[in-house]
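# Residue-level structural notes
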Amino acid sequence: MSEVKLAAESRTEFGKGAARRVRREGKVPGVVYGHGTDPVHVTLPGHELLLALRTPNVLISLDLDGKSELAIPKAVQRDPLKGFLEHVDLLLVKRGEKVAVEVPVQTEGELAPGSFILEHVLNTLTVEAEATHIPESVTVSVEGLEAGASIHAKDITLPKGTTLAVDEDAVVIQVLAAQAEEPAAEGETEAAAEA
């Protein structure tokens, strides 16, 4: 689990105009909340935050008004066209505290020979882990699987200290038989050629 240090500044201006001014300065408006405290509106350095958010469920060490706080990203809003960060919500966490997060599901291995399609029913798996030991992803082997095979949440090996926070019978990955296109009947082909 990687931990990234960011300097956050409290902000007192709110609304669209204030948010636009913050973004023009290369910063991102955000809110820090959790542990029964009042939400704190902050401004975060844009480039450093963007780099930190490339790691799923990154642990952020915030330097806020001379105090150090640990937080994880809870909601990130991006511009739909340009992709830049518009706003971020951070959830305060403590060392040793368990949190529920979604981790990406990755596959390894080759399916059995033949025309099979691998379908990711769930791209992420909700797990509960200690805030400082959140796995970056879980890996599932699909080696030799054939059509009709499926992998359930309970079949996935999780890192030590991590537990499932979803139904253990939930299908995560399944293998389907590829559907071949049926050749057109002769009469249809001739009619299409004449048209």
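A short tour of the structure in this document, coming up. (Residues numbered from 1 in each chain as written. Predicted model: local features only at pLDDT ≥ 70, side-chain atom pairs only at ≥ 80, totals over all residues. Heavy atoms only, no water.)

The next point concerns unusual backbone geometry. With a phi angle near 55 degrees, H35 is a residue other than glycine that sits in the positive phi range. By secondary structure assignment, the location of H35 is in the loop between β2 (27-34) and β3 (37-45). Its relative accessible area of 37% is what places H35 among the partly exposed residues. (Helix = DSSP H or I, 4+ residues; strand = E, 2+ residues; numbered from the N terminus. Buried < 20%, exposed > 50% of the residue type's maximum accessible area, 1.4 Å probe, protein only.)

The next point concerns the pairing of strand β7 (residues 98-108). Sheet topology places β7 next to strand β9 (residues 124-130); seven bridges connect them, and they run antiparallel. Among the inter-strand pairings, K98 is bridged to a residue of β9, identified as E130. The pairing of β7 with strand β10 (residues 138-141) spans four bridges and is classified as parallel. Looking across to β10, one finds that Q106 is bridged to T139. (Pairing = 2+ DSSP bridges.)

What follows deals with the sheet that holds strand β6 (residues 85-93). Around the barrel, six strands lie side by side as β1-β3-β2-β6-β5-β4; this closed barrel has mixed pairing. Each adjacent strand pair in this sheet contributes to an overall mean axis angle of 45 degrees, direction not counted. In this sheet, β3 lies alongside β2 in antiparallel orientation, the contact comprising seven bridges. Each bridged residue has a counterpart across the sheet, and for V28 the counterpart in β3 is L44. Packing against the sheet, helix α1 (residues 16-24) makes contact with β2, β3 and β6, and its axis sits at approximately 115 degrees to β2. (Axes fitted to C-alpha atoms, helices over the stretch in contact; angles between N-to-C directions. Contact = heavy atoms within 4.5 Å.)

Right, let's talk about the sheet that holds strand β8 (residues 116-120) for a bit. The strand order β8-β13-β11 describes an open sheet built from three strands, whose pairing is antiparallel. At either end of the open sheet lies a strand with only one pairing partner, and these are β8 and β11 (150-152). Taken pair by pair, the neighbouring strands of this sheet meet at an average axis angle of 10 degrees, ignoring direction. For β8 and strand β13 (residues 171-177), the ladder comprises five bridges, and the chain directions are antiparallel. From the neighbouring strand, E119 faces β13, where its bridge partner is Q174.

Under the definition given, this model contains three salt bridges. Between K67 and E69 there is a salt bridge; the shortest N-O distance is 3.6 Å. Overall, the relative accessible area of 53% leaves K67 in the exposed class. Of the residues examined, E69 reaches a relative accessible area of 24% and is grouped as partly exposed. (Salt bridge = Lys/Arg side-chain N within 4 Å of Asp/Glu carboxyl O.)

The subject of this paragraph is α1. Quick reminder: α-helices carry 3.6 residues per turn. Residues three or four places apart thus point the same way. Within α1 the residues assigned to the buried category are A18, A19 and V22. The buried residues of α1 all sit within an arc of 100 degrees when viewed along its axis, so they share a single face. Turned more than 90 degrees off the buried face of α1, the exposed positions are K16 and R24. Taken from the residues just after α1, G26 is the one with a positive phi, measuring 80 degrees. (Arc of directions from axis to C-beta.)

To continue, consider the nonpolar core. Ranked by internal contacts, the top residues of the largest apolar core, which has 22 residues, are I72, L125 and I156. At the level of elements, β5 (67-78), β6, β7, β9, β10 and β13 are the ones that each hand at least two residues to this core. Beyond its immediate chain neighbours, meaning those up to four positions away, L125 contacts V101, E102, V103, V105, V138, A153, I156, L158, L164, V166 and V172. (Core = buried A, V, L, I, M, F, W, Y, C linked by side-chain atoms within 4.5 Å.)

Take it as geometry only, folks, not as evidence of what the structure does.
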